[in-house]
Amino acid sequence: MAFVSGPLKSVRVDALVVLKIAKHASSAHPQVITGQLLGMDVDGELQVTNSFPFPSADPAASTGDFNNDNNAANTAAAAPRAKANAWYQAEMMRCLREMNVDANSVGWYQSANLGNFLNANFVENQYFYQSTLNERTIALVHDTARSAQGTLSLRAFRLTPAFMAAQKEGKFTSESLVKHNLTYRDILLELPVSIRNSHLLTTLLHQLDSPPLPIHPTPFSLSSLTPTPLFPNFDSLDLSIDPFLEKNCDLLLDSIETHYTELNNAQYHTRQLTREQAKITAWQTKRKSENMLRAAAKQELLPEDEWTRVFKLPQEPSRLESLLNSRQIEQYAKQVDGFTAGATAKMFAVNAGLMKSD
Amino acid sequence: MTDQDSYIHLARPLPVVNVPPVHATTGPLSVLIHAQALFSILDHSLRRNADQDRVIGTLLGVRSEDGSEVEIRNCFAVGHNESQEQVEVDMDYHKTMLGLHLKANPKEVLVGWYATSPELNTFSALIQNFYASNGEGTFPHPAVHLTMSTVPGADIAIRTYISSAVGVNQDRIADSCLFVPVPYEIRYNDADRSGLELVAGAKNNEERTVSVMTDIHALERAIEDVLGMLDRVGHYVSRVVHGETPGSTAIGKFLMNTLALAPKVAASDVERMFNTHIQDVLLISYLANTIRTQIDLSNRLASLTATATTTAAPVVPAVAAPATVTAGGK
């Protein structure tokens, strides 16, 4: 873009892209998949008009043991910034440009399972896109598990400037967090997503939805009564709430465990630091008294700042993991909260309905 | 659309021996089209060059084991030039693109091609013969040709064909073919459904846009829809009862089946189940919120200690003895 017009405000996704991502994500579910988004940036609104999937890891790996599977998942998650993928990406974009597709990279997409996408890989991918390719890029997250429940879950994220600055320095110590004023709440910036159809698509949708009237005014067979597929689905009225909550609680507990480990690490570091500092103080007082004796004996004074060579302060562990984990826990908690709101409403409705019919 | 055409498919015997096997079997075939492929074709049609009447592309998908069913899942555009006398299809482009697609979707194979005009002419036959050919084409399976008219202001008509050889001699066979219409059905995946629903929601909208809904909005809409449908059914039934409209056995049966699905449970059982479940749900919601607060607290404490140590430590490292802060997580 020749002119830069303020920060990105919203994301507009074409219906085609929604379907492409949904198909790609569900074909590999529950494995994580990634792909490229193409489109244009128009006055702060990012228009995503096309996409293509990144080749997933070797299909043979899926038959391998668990360890192998894990590796495959990792390579897929890291695909957007993988060297091996650059060729594929460039070639595909060259080809699409020939067909008049808006072949500008505007970001990438990833599939997720109940919102578990917040990890180092995600952040590194987006950092890679925002720092090396184009600052105005987004990450679209399609939640396969939640979409299967009836409501499409498609969210757009960007890294905040504060996080970009911290990531650029490459270290996440308490000091740098304070410096950039970074808390777990401002790692990611969510942008509103809207979906848009072309005129032709609107025509097609209208046509599919209202098939030509049959000759007979009233249907005579049950098969002709089945609703058209584009009819609003009623999956969100489903009453099986336990599996979803159970899965969510599992994920939440896992995250808390990670949080606990991180916390222990941090505390261990603090204790270590205190111990070292106590030793340094002891050493310094000793050196001081020694110097005092030497001064009394008219001897040469020993240098007092030698402690930096003798002692080494322990390295503070990176706080990135715990930041991301906190954000992840917050996300799970919100998810549970949102879900229970719907679930309670449904349960009260069912209760009232059944009571009456009794 | 599908309902307008009725089909009777007769398999024509294949030409006799001396004909090279350019054309595969012409046995009955049913075609399933995924919505994504249709969307893609429309997109391509919108992006055609101004002087082009129609655009073509390659269809990808899967074939059932016995080859009697073809599922069109995906497609990509291929450039071509058409003039009065000749047609040029960018074969290299087609090959490169096919290779790239197969890398990302190893399960999909070449199944045919599409054009965005309902017309079938000599060029169609030539292209069809390429896609059905041995080697690079779909041989020994038939290649599916899909036409989709994209004239503004008119209905979008979709047709699917397979081809069989026709012609008096070798040369004629190479540049002509007989297009046999085959029935098709538009297929919607479970995975697509939530997306399609949202996309379809924008169709009555002047701006053709719709924003992604939250769960609770979706629930609200679903409940409103159900209430609307109940109203309609109630209205219909009362009209039938009053003899204003003739009844339909099918609808009657359907309603009866549906009503029979209502569970018979004692009031006390319902009450008990409801109470246990609602308690579970509320407890989890409460716990989730508590965890959220705790995490927030823990992070605030951590950053507080960080500020304390960073301000104190560099100045007098020897004296700074930070109290071991227990940033309680759980």
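Residues numbered from 1 in each chain as written. Chains lettered and ligands numbered in written order. Predicted model: local features only at pLDDT ≥ 70, side-chain atom pairs only at ≥ 80, totals over all residues. Heavy atoms only, no water.

Side note on the overall build of chain A
Link 1 in the chain: Regarding its fold elements, chain A presents 11 helices and eight strands.
Link 2 in the chain: In chain A, which comprises 358 residues, the proportion classed as buried is 48%.
Link 3 in the chain: Considering only intrachain contacts with a sequence separation of at least 6, the fraction spanning at least 24 residues in chain A is 75%.
Link 4 in the chain: Carbon together with sulfur atoms contributes 57% to the accessible area of chain A, which is approximately 17300 Å² in total. (Helix = DSSP H or I, 4+ residues; strand = E, 2+ residues; numbered from the N terminus. Buried < 20%, exposed > 50% of the residue type's maximum accessible area, 1.4 Å probe, protein only. Contact = heavy atoms within 4.5 Å. Areas by Shrake-Rupley, 256 points an atom, 1.4 Å probe, with all protein chains shown as cover.)

Remarks on the sheet that holds strand 6 (residues 154-159) of chain A
Link 1 in the chain: Within the open sheet, the nine strands sit side by side as 7(A)-6(A)-5(A)-4(A)-2(A)-3(A)-1(A)-8(A)-11(B). Their pairing is mixed. Both edges of this open sheet fall to strand 7 (188-191) of chain A together with strand 11 (209-211) of chain B, since each of them pairs with a single strand only. In this sheet, neighbouring strand axes are inclined to one another by 35° on average, regardless of whether the strands run parallel or antiparallel.
Link 2 in the chain: Sheet contacts for helix 4 (residues 120-133) of chain A: strand 2 (34-42), strand 4 (105-112), strand 5 (138-143), strand 6 and strand 7 of chain A; angle to strand 6 of chain A, the most-contacted strand, approximately 65°. (Pairing = 2+ DSSP bridges. Axes fitted to C-alpha atoms, helices over the stretch in contact; angles between N-to-C directions.)

Examining the packing of helix 1 (residues 15-28) of chain A against helix 5 (residues 190-201) of chain B
Link 1 in the chain: Relative orientation of the contacting elements helix 1 of chain A and helix 5 of chain B amounts to 165°, with a least axis distance of 8 Å. Classified by the interaxial angle, the pair formed by helix 1 of chain A and helix 5 of chain B is roughly antiparallel. The handedness of the crossing between helix 1 of chain A and helix 5 of chain B comes out as right-handed. Residues Ala15, Val18, Leu19, Ala22, Lys23 and Ser26 of chain A of helix 1 of chain A form the contact with helix 5 of chain B, whose participating residues are Ala191, Asp192, Gly195, Leu196 and Val199 of chain B.
Link 2 in the chain: A per-class count over the contact of helix 1 of chain A with helix 5 of chain B returns seven nonpolar, two polar and two charged. (Parallel < 35°, antiparallel > 145°, perpendicular 65-115°, else oblique. Left-handed = near helix turned anticlockwise from the far one by under 90°. Nonpolar A, V, L, I, M, F, W, Y, C, P; charged D, E, K, R; others polar.)

Looking at the packing of aromatic side chains
We describe a pair of aromatic rings using the distance from one ring centre to the other and the angle between the two ring planes.
Link 1 in the chain: Within this structure, the stated rule accounts for 13 aromatic pairs over all chains.
Link 2 in the chain: Connected via pairs of aromatic rings, a cluster forms that spans Trp108, Phe117, Phe122, Phe128, Tyr129 and Phe157 of chain A. (Phe/Tyr/Trp six-rings, centres within 6.5 Å; stacked < 30°, edge-to-face > 60°.)

Some words on the UniProt feature "domain: MPN" (unreviewed entry) in chain B
Link 1 in the chain: Per the UniProt entry, the sites bearing "domain: MPN" (unreviewed entry) are residues 31-167 of chain B in this numbering.
Link 2 in the chain: The span residues 31-167 of chain B is 27% helical and 35% strand by assignment, and the distance between its end C-alpha atoms comes to 27 Å. (UniProt positions renumbered as here; feature names shortened; annotations may be inferred.)

What to know about the pattern of salt bridges
Residues and elements named next belong to chain B.
Link 1 in the chain: One pass over the full model with this rule turns up 15 salt bridges over all chains.
Link 2 in the chain: A salt bridge links Asp43 to Arg47; its shortest N-O distance comes to 3.2 Å.
Link 3 in the chain: Residue Arg300 pairs with Asp296 through a salt bridge whose shortest N-O separation is 3.5 Å. Pair noted here: Arg300 and Asp296 are both in helix 8 (residues 267-312), with a separation of four residues, about one helical turn. (Salt bridge = Lys/Arg side-chain N within 4 Å of Asp/Glu carboxyl O.)

Overview of the pairing of strand 1 (residues 30-34) of chain B
Residues and elements named next belong to chain B.
Link 1 in the chain: Among the five residues of strand 1, four are classified as buried, and the element is accordingly described as predominantly covered.
Link 2 in the chain: Across four bridges, the pairing between strand 1 and strand 3 (residues 69-78) is parallel. Looking at the pairing, Leu32 lines up with Glu71 of strand 3.
Link 3 in the chain: Two elements, strand 1 and strand 10 (residues 184-187), share four bridges in a ladder whose sense is parallel. Of the residues in strand 10, the one forming a bridge with Leu32 is Glu185.

Describing empty space enclosed by the protein
Link 1 in the chain: Applying the stated rule across the entire model yields four cavities of 30 Å³ or more.
Link 2 in the chain: By volume, the second largest cavity is sized at about 80 Å³.
Link 3 in the chain: At the level of secondary structure, the elements contributing two or more residues to the lining of the second largest cavity comprise helix 1 of chain A together with helix 1 (35-46) of chain B.
Link 4 in the chain: At four residues, helix 1 of chain B tops the list of elements feeding residues into the lining of the second largest cavity.
Link 5 in the chain: Broken down by class, the residue content of the lining of the second largest cavity amounts to six nonpolar, two polar and three charged. (1 Å grid on protein atoms, 1.4 Å probe; cavity = no way out; pocket = protein on both sides within 12 Å on 5 of 7 lines; lining within 4 Å. Points joined across faces, edges and corners; volume = space filled by probe spheres on them.)

Thoughts on the interface of chain B and chain A
Link 1 in the chain: Every contact between the two is made by 110 residues of chain B and, on the other side, 109 residues of chain A.
Link 2 in the chain: When chain B packs against chain A, close to 9800 Å² is buried across both sides, 68% of that on carbon and sulfur atoms.
Link 3 in the chain: The largest share of the area that chain B buries against chain A comes from Arg47, Lys203 and Arg208 of chain B, three residues that together contribute 8% of it.
Link 4 in the chain: On inspection of chain B and its partner chain A, the count reaches three salt bridges.
Link 5 in the chain: In this structure, Arg47 of chain B engages Asp102 of chain A in a salt bridge whose closest nitrogen and oxygen atoms are separated by 3.4 Å.
Link 6 in the chain: Summed over the shared surface of chain B and chain A, the result is 12 residue pairs in polar contact (both at pLDDT 80 or more).
Link 7 in the chain: When residues of the side of chain B that touches chain A are assigned to their parent elements, the largest contribution, 23 residues, is made by helix 8 of chain B.
Link 8 in the chain: For the side of chain B that touches chain A, a count of residues per class yields 58 nonpolar, 31 polar and 21 charged. (Buried area = accessible area lost by both parts, 1.4 Å probe. Polar contact = N/O pair within 3.5 Å; in protein donor to acceptor, adjacent residues only side chain to side chain.)

Side note on the sheet that holds strand 8 (residues 158-165) of chain B
Residues and elements named next belong to chain B.
Link 1 in the chain: If you walk across this open sheet you meet the eight strands as 9-8-7-6-2-3-1-10, and the pairing is mixed. At either margin of the open sheet sits one strand with a lone partner, and together these are strand 9 (177-182) and strand 10. Pairwise comparison of adjacent strand axes, ignoring direction, gives a mean angle of 35° for this sheet.
Link 2 in the chain: Of the strand pairs in this sheet, strand 8 and strand 9 are connected by six bridges, and their pairing is antiparallel. When the bridges of strand 9 are listed, Ser163 appears paired with Phe179.

Some points on helix 1 of chain B
All names here are of chain B.
Link 1 in the chain: For helix 1, spanning 12 residues, the distance from its first C-alpha to its last is 17 Å, which sits close to the expected 16 Å at 1.5 Å a residue.
Link 2 in the chain: Most of helix 1 sits out of view: 11 of its 12 residues are buried.
Link 3 in the chain: Those residues of helix 1 not exposed but buried are Ala35, Gln36, Ala37, Leu38, Phe39, Ser40, Ile41, Leu42, Asp43, His44 and Ser45. (Expected span 1.5 Å × (residues − 1).)

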